[in-house]
2 protein chains.
Amino acid sequence: MLKRYLPILSWGRDYDRPTFEADLIAAVIVTIMLIPQSLAYSLLAGMPPEYGLYASVLPLLIYAVFGTSRPLAVGPVAVISLMTAAAVGKVAAQGTPEYIAAAVALAFLSGVMLVIMGFLRMGFITAFLSHPVLSGFTSAVGILIAAGQMKHFFGIQGESGGIFDILGGLWAHLGQTNGYTVVISILSLVFLFWARRGLKPRLLKAGLSERLAAILTRAAPVYAVAATILITWLFGLEGRGVRVVGTVPLGFPTPSLPPADLALWKELFVPALLIAIIGYVETISVAQTLAAKKRQRIDPDQEFIALGGASIGSAISGSFPITGGFARSVVSFEAGATTPAAGAFTAIGVALATFTLTPALYYLPQATLAATIFVSVLTLVDTKALKRTFKYAPREGIGMALTVLVTLIWGVEDGIAFGVILSIALRLWASSRPHVAELGQVPGTEHFRNVQRHRVSCAPGILSLRIDESLWFPNARFVEEMIYDRIASDESIKHVVLNCPAINHIDMSALEALEEVNDQLNDAGVRLHLSEVKGPVMDRLTRSDLITHLTGQIYLTHYDALATLAPETTQGCAHESRIETHR
Amino acid sequence: MLKRYLPILSWGRDYDRPTFEADLIAAVIVTIMLIPQSLAYSLLAGMPPEYGLYASVLPLLIYAVFGTSRPLAVGPVAVISLMTAAAVGKVAAQGTPEYIAAAVALAFLSGVMLVIMGFLRMGFITAFLSHPVLSGFTSAVGILIAAGQMKHFFGIQGESGGIFDILGGLWAHLGQTNGYTVVISILSLVFLFWARRGLKPRLLKAGLSERLAAILTRAAPVYAVAATILITWLFGLEGRGVRVVGTVPLGFPTPSLPPADLALWKELFVPALLIAIIGYVETISVAQTLAAKKRQRIDPDQEFIALGGASIGSAISGSFPITGGFARSVVSFEAGATTPAAGAFTAIGVALATFTLTPALYYLPQATLAATIFVSVLTLVDTKALKRTFKYAPREGIGMALTVLVTLIWGVEDGIAFGVILSIALRLWASSRPHVAELGQVPGTEHFRNVQRHRVSCAPGILSLRIDESLWFPNARFVEEMIYDRIASDESIKHVVLNCPAINHIDMSALEALEEVNDQLNDAGVRLHLSEVKGPVMDRLTRSDLITHLTGQIYLTHYDALATLAPETTQGCAHESRIETHR
């Protein structure tokens with residue numbers, strides 16, 4: 001029991017020196033990557049940059065104790081930071097203590113929600129997010145974040161919200177462009193884009209090992225940060241209008257609890273829930289993928305608790321919502337992280353930086369941080385996914401495209417809500433018109449196939465129908481209408497046999513529809529039969545009145561039904577070895 | 001084309017004398033029933049009683065032209081009237097011209113929505129209402145309406161809204177009880193309840209024909225109305241505090257269009273949509289049931305148009321939303337209505353009453369109308385449905401009970417919205433944890449069964465899984481987790497074979513989950529195979545990358561898969577005649 005909630009008790013027991021070394025190396029690499037990222041994503045969340053560092057210590061320690069994924073690296077991530085800015089921006093103005101307090105409350109609330117979901121095993125709540133919706137939403141958020149960085153490249157004020165707000169704000173303020181900032185931005189962007197592809201081959205050519213080259217490449221944002229700090233300091237650019245990070249206090253703020261402001265909590269409830277769910281889904285996806293590669297297990301319920309604990313840890317550190325980062329976790333995995341201890345070592349690394357490096361951050365231009373964000377969020381934009389979805393399922397593709405549009409135009413909360421509702425509605429719509437085949441017998445066999453696709457024979461007065469979908473409320477009426485239509489159009493029908501091998505369940509609405517059909521067919525002089533009802537469906541039907549009221553019979557096989565109802569026309573072959581299942 | 005939109009062109013051509021006589025008799029009976037009902041339901045909608053008559057002429061004529069159901073009787077109905085009162089009560093005070101204008105706008109809006117849904121063939125929108133939700137909602141509305149009549153029985157003021165508002169309002173005003181009103185109420189209630197069961201046997205005993213006895217019984221509210229008018233007039237009770245209908249103008253108001261008030265329309269948008277959908281679902285249910293009994297057809301898309309037209313007709317008549325009435329249509333059907341002309345004749349009957357009877361209505365006590373409402377809405381309360389649902393599907397039963405509670409406590413709009421969301425959520429939840437069986441071979445056959453239920457043999461190194469549900473976003477993650485869990489817990493597995501006969505479709509989320517599984521299993525040294533994939537599912541899969549990336553094969557039968565992967569352990573029998581489908 002204790003081990004379930006404290007996975008550290010399992011892996012901690014076998015901890016040895018080789019494991020320690022592997023974790024330490026992974027931690028060093030992730031720390032190098034995490035420092036500029038946490039500063040940048042803090043800015044994205046509308047917080048002072050150093051709060052990103054605060055959010056990258058205690059949460060990592062907590063995850064190391066409670067988490068079940070070995071390489072998962074928690075901390076500030078782009079999507080959650082933008083969602084934080086959108087939610088908190090509605091209740092307070094950036095740069096005020098109220099803004100920070102609201103961000104802390106948001107982290108606390110979503111953390112508490114995650115912990116509760118974990119204890120109640122509410123993993124199914126993530127089931128509302130379909131892949132196309134999540135992918136469309138993430139792409140749109142990537143575009144919104146990238147567009148939101150533009151103002152930093154020009155050194156001007158801007159607007160937040162939808163894409164039109166952002167672009168309109170840019171246009172309005174373009175007159176105040178600061179040339180020095182533009183130069184720094186262009187240099188940073190060019191370097192970072194080049195480093196992604198060009199740096200590693202050069203390092204390898206220069207004789208460095210594959211591993212070292214990879215690490216040094218991952219550290220590219222660190223060089224950009226260091227170089228632009230130097231340039232800004234040398235040329236006194238902060239006196240020439242280049243916005244810099246400015247004074248960052250050494251060390252950590254005193255741990256505290258979030259404000260107990262019920263009105264604020266109520267306002268932040270929905271955003272906190274969205275942040276919890278989206279953060280969880282993103283995290284669990286990467287955790288599961290990396291675990292499966294090594295045949296390791298993660299516990300999705302425990303991950304709720306670990307992530308929730310980490311988020312509460314961020315709130316106690318006085319900072320904003322965090323979650324598991326995709327790129328960071330993959331780096332950690334590739335660098336050989338063997339236990340969650342790697343995360344704890346990363347926390348120590350970030351803590352050391354907080355105590356030593358912060359004075360140097362004074363001259364760091366915000367434009368450099370914006371450039372690192374810009375380059376990394378472009379990977380969120382996945383146009384191939386849209387193409388793939390359109391090809392496989394055009395209807396879901398349209399839903400995805402609309403999710404992208406709504407998110408871009410109206411912002412993150414409307415976007416995700418719209419996507420969820422639309423994907424459910426599309427599914428209900430598809431489910432409301434199931435495929436129905438009228439069946440005929442393949443001559444000389446006991447098999448029945450769609451009369452429109454195969455050369456089959458039908459017994460007169462008997463209508464055989466196979467419904468290729470579970471029966472539930474979206475299609476209950478359809479099934480009723482469909483059967484009434486068929487018997488109204490052919491007066492000779494005396495028996496309707498529903499072939500049910502594709503029906504995995506029948507809900508109450510569908511049961512009542514079948515009872516209604518049974519009654520109405522009876523009045524019209526037609527009997528209703530069922531065939532090939534599945535075991536679990538049959539188990540439930542025996543608890544209903546349909547079984548007792550049914551005017552016809554329930555047959556084990558469709559052949560049995562036809563052989564009983566029309567023995568003269570049904571001449572099956574007694575032995576058939578192959579079941580043809582591509583129908 | 002014209003005939004599709006004007007069904008009158010079809011049945012009108014063959015109209016003859018016997019049909020005319022049958023329709024006329026049905027019309028007389030329905031008229032007798034409709035007059036007190038339309039007065040009462042008008043009161044329930046918060047309108048002056050005569051507006052119920054206005055709503056029972058033009059709409060019936062319009063339905064006769066556009067409708068496809070022969071016995072359907074449109075007009076004011078209880079549920080829609082209460083929904084009207086709830087919606088209009090939010091934007092205007094009862095008794096004001098604004099209230100009537102808003103009710104007219106509501107009828108117009110929901111009529112226009114219905115017509116649009118009809119042209120766009122949006123029948124699937126009704127698929128969001130499950131039977132348990134609708135039944136729970138209707139029962140709760142029945143209770144709310146019955147409780148709402150109490151104030152009329154005591155002749156006092158009251159509150160509307162949820163059940164606590166209504167009961168609280170009663171309690172607060174009980175001091176103003178009018179004794180004469182109480183006596184009239186008790187007499188009316190006792191008579192009406194007795195008439196339901198006791199009147200017909202007495203009339204039959206007195207030697208009347210079955211048919212005449214039935215008609216005279218249905219007219220019971222008319223006797224109550226006549227008797228209490230007489231009593232009130234004789235004893236001058238309206239001077240003793242008994243509320244009466246009062247002055248009703250002869251004839252009809254001038255036809256007019258609803259106010260073009262955009263702000264009002266926006267406010268009434270959601271209630272109008274709910275009224276349109278619920279009114280349509282109730283109507284189509286009774287229309288379909290009655291048509292099926294005689295192997296007749298109705299056209300659900302055309303019914304949208306006919307009902308929408310009828311509702312717009314009510315708005316033009318200056319009145320409130322109407323729809324098809326259940327009891328009234330059954331009476332019309334039983335009385336032998338043969339074509340929609342019966343409805344037109346009913347309209348003429350009501351119009352005659354409006355020109356002749358209205359002066360007599362002056363002394364009609366509101367308590368009598370309340371009593372007729374009270375007696376008829378109690379049939380809406382269906383406690384057996386709750387019991388039946390709990391027995392067949394306990395989870396849906398809980399959803400139904402909660403819908404009843406929410407509707408009772410918070411009123412009609414919150415109630416129906418809650419029910420719809422809950423029923424979808426419950427279904428997604430159930431779908432997110434599908435039944436999965438690990439399969440083994442029934443020795444000596446080519447059949448595979450659940451290892452936990454049958455004595456079967458498994459080939460070493462091969463995991464056979466059958467998922468008994470379509471794969472879509474609510475269970476995509478579950479399937480991934482489930483497979484990862486299995487391969488993590490058994491290092492010997494080298495092949496996973498998914499047996500897919502129960503999978504009716506695979507959406508994009510599930511496709512991506514399968515691709516992910518395929519990749520991760522590959523990294524873990526396991527191959528993924530599929531067997532018995534259905535034709536339509538296969539058609540779509542060929543458009544995806546999964547087919548090309550799949551590390552294993554797709555087999556026609558599960559036996560083929562096992563025979564290929566583990567030929568030495570798979571000894572099937574070559575000939576098997578019977579397919580056992582209860583799994």
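Residues numbered from 1 in each chain as written. Chains lettered and ligands numbered in written order. Predicted model: local features only at pLDDT ≥ 70, side-chain atom pairs only at ≥ 80, totals over all residues. Heavy atoms only, no water.

Asks: Just checking my understanding: could you explain the packing of aromatic side chains for this structure?
Replies: Each aromatic ring pair is specified by the distance between its two centres and by the angle formed by the two planes. Summed over all chains, the structure comprises 28 aromatic pairs over all chains. With 5.4 Å between their ring centres and 70° between their planes, Trp472(B) and Phe473(B) make a pair best called edge-to-face. A single burial state applies to Trp472(B) and to Phe473(B), both of which are buried. Grouped by ring-pair contacts, the aromatic residues Tyr51(A), Tyr54(A), Phe252(A) and Phe355(A) constitute a single cluster. For Arg540(B), the ring lying beneath its charged end belongs to Tyr392(A), and the centroid distance is 5.0 Å. (Phe/Tyr/Trp six-rings, centres within 6.5 Å; stacked < 30°, edge-to-face > 60°. Buried < 20%, exposed > 50% of the residue type's maximum accessible area, 1.4 Å probe, protein only. Lys NZ or Arg CZ within 6 Å of the ring centre and 35° of its normal.)

Asks: Looking at this structure, I do not really get the UniProt feature "domain: STAS" (unreviewed entry) in chain A. What am I missing?
Replies: In the numbering used here, UniProt assigns the "domain: STAS" (unreviewed entry) feature to residues 452-565 of chain A. The span residues 452-565 of chain A is 46% helical and 16% strand by assignment, and the distance between its end C-alpha atoms comes to 23 Å. (UniProt positions renumbered as here; feature names shortened; annotations may be inferred. Helix = DSSP H or I, 4+ residues; strand = E, 2+ residues; numbered from the N terminus.)

Asks: Could you clarify how one ought to interpret the nonpolar core in this entry?
Replies: Side chains of nonpolar character tend, in soluble globular proteins, to be buried together. Counting 229 residues, the largest nonpolar core has Leu129(A), Met83(B) and Leu129(B) as its most contacted members. Per element, the largest residue contribution to this core is 15 residues, and it comes from helix 13 (residues 262-293) of chain B. When sequence neighbours within four positions are dropped, the list of residues in contact with Leu129(B) reads Phe473(A), Leu134(B), Ile277(B), Ile278(B), Val281(B), Ile416(B) and Val420(B). (Core = buried A, V, L, I, M, F, W, Y, C linked by side-chain atoms within 4.5 Å. Contact = heavy atoms within 4.5 Å.)

Asks: Help me understand a positive patch on the surface in this model?
Replies: There is a patch of like positive charges on the surface, built from Lys384(A), Lys387(A), Lys391(A) and Arg543(B). Overall, the relative accessible area of 67% leaves Lys387(A) in the exposed class. (Patch = residues over 30% accessible without salt bridge, like charges linked within 9 Å, V, L, I, M, F, W, Y side chains within 5 Å. Areas by Shrake-Rupley, 256 points an atom, 1.4 Å probe, with all protein chains shown as cover. Salt bridge = Lys/Arg side-chain N within 4 Å of Asp/Glu carboxyl O. Lys, Arg positive; Asp, Glu negative; His and termini not counted. Charge placed at Lys NZ, Arg CZ, Asp CG, Glu CD.)

Asks: Hey, could you run me through the packing of helix 11 (residues 210-218) of chain A against helix 12 (residues 220-234) of chain A in this one?
Replies: All names here are of chain A. Relative to each other, helix 11 and helix 12 sit at 45°, their axes nearing to 4 Å. Classified by the angle their axes make, helix 11 and helix 12 are oblique. For the pair formed by helix 11 and helix 12, the contact residues are Leu-216, Thr-217 and Arg-218 on the first element and Ala-220, Pro-221 and Tyr-223 on the second. Of the residues belonging to the contact of helix 11 with helix 12, the class tally is four nonpolar, one polar and one charged. (Axes fitted to C-alpha atoms, helices over the stretch in contact; angles between N-to-C directions. Parallel < 35°, antiparallel > 145°, perpendicular 65-115°, else oblique. Nonpolar A, V, L, I, M, F, W, Y, C, P; charged D, E, K, R; others polar.)

Asks: Help me understand the interface of chain B and chain A in this model?
Replies: Quite often, the size of an interface is put as the accessible area lost when its parts meet. Residue-level contacts link 96 residues of chain B with 96 residues of chain A. Counting the surface lost from both chain B and chain A, the interface buries some 8,700 Å², and carbon and sulfur atoms represent 51% of this. Sorting the residues of chain B by area buried against chain A places Arg295(B), Tyr392(B) and Met508(B) first, and these three jointly supply 12% of that buried surface. Scanning the region where chain B abuts chain A turns up six salt bridges. Linking chain B with chain A are 35 residue pairs in polar contact (both at pLDDT 80 or more). (Buried area = accessible area lost by both parts, 1.4 Å probe. Polar contact = N/O pair within 3.5 Å; in protein donor to acceptor, adjacent residues only side chain to side chain.)

Asks: Can you help me understand the pairing of strand 6 (residues 495-499) of chain B in this one?
Replies: Two faces belong to every sheet, and in a regular strand the side chains alternate between them. Residues and elements named next belong to chain B. Among the five residues in strand 6, five count as buried, and that is most of the element. Burial of strand 6 is two-sided: the residues His-495, Val-497 and Asn-499 facing one way and the residues Val-496 and Leu-498 facing the other way are all buried. Note: strand 5 (residues 462-467) against strand 6, five bridges, orientation parallel. Looking across to strand 6, one finds that Ser-464 is bridged to Val-497. With five bridges connecting them, strand 6 and strand 7 (residues 527-531) associate as parallel partners. Following the sheet pairing, Val-496 is matched in strand 7 by Leu-528. Considered for its hand, the β-α-β crossover made up of strand 6, helix 22 (residues 508-523) and strand 7 is right-handed. (Pairing = 2+ DSSP bridges. Right-handed = clockwise from strand over helix to strand, strands pointing away.)

Asks: When you look at the sheet that holds strand 8 (residues 554-555) of chain A in this model, what are you seeing that I'm missing?
Replies: Strand pairing in a sheet relies on backbone hydrogen bonds. The paired strands run either parallel or antiparallel. All names here are of chain A. Spatial strand order, 4-3-5-6-7-8: six strands in an open sheet with mixed pairing. Of all strands in the sheet, those with a lone pairing partner are strand 4 (448-450) and strand 8, marking the two edges. Pairing between strand 3 (residues 436-441) and strand 4: three bridges, direction antiparallel. Its bridge partner being in strand 4, Gln-441 is matched across the sheet by Phe-448. This element, helix 21 (residues 473-489), spans strand 3, strand 5 (462-467) and strand 6 (495-499) of the sheet and lies at about 155° to strand 5.

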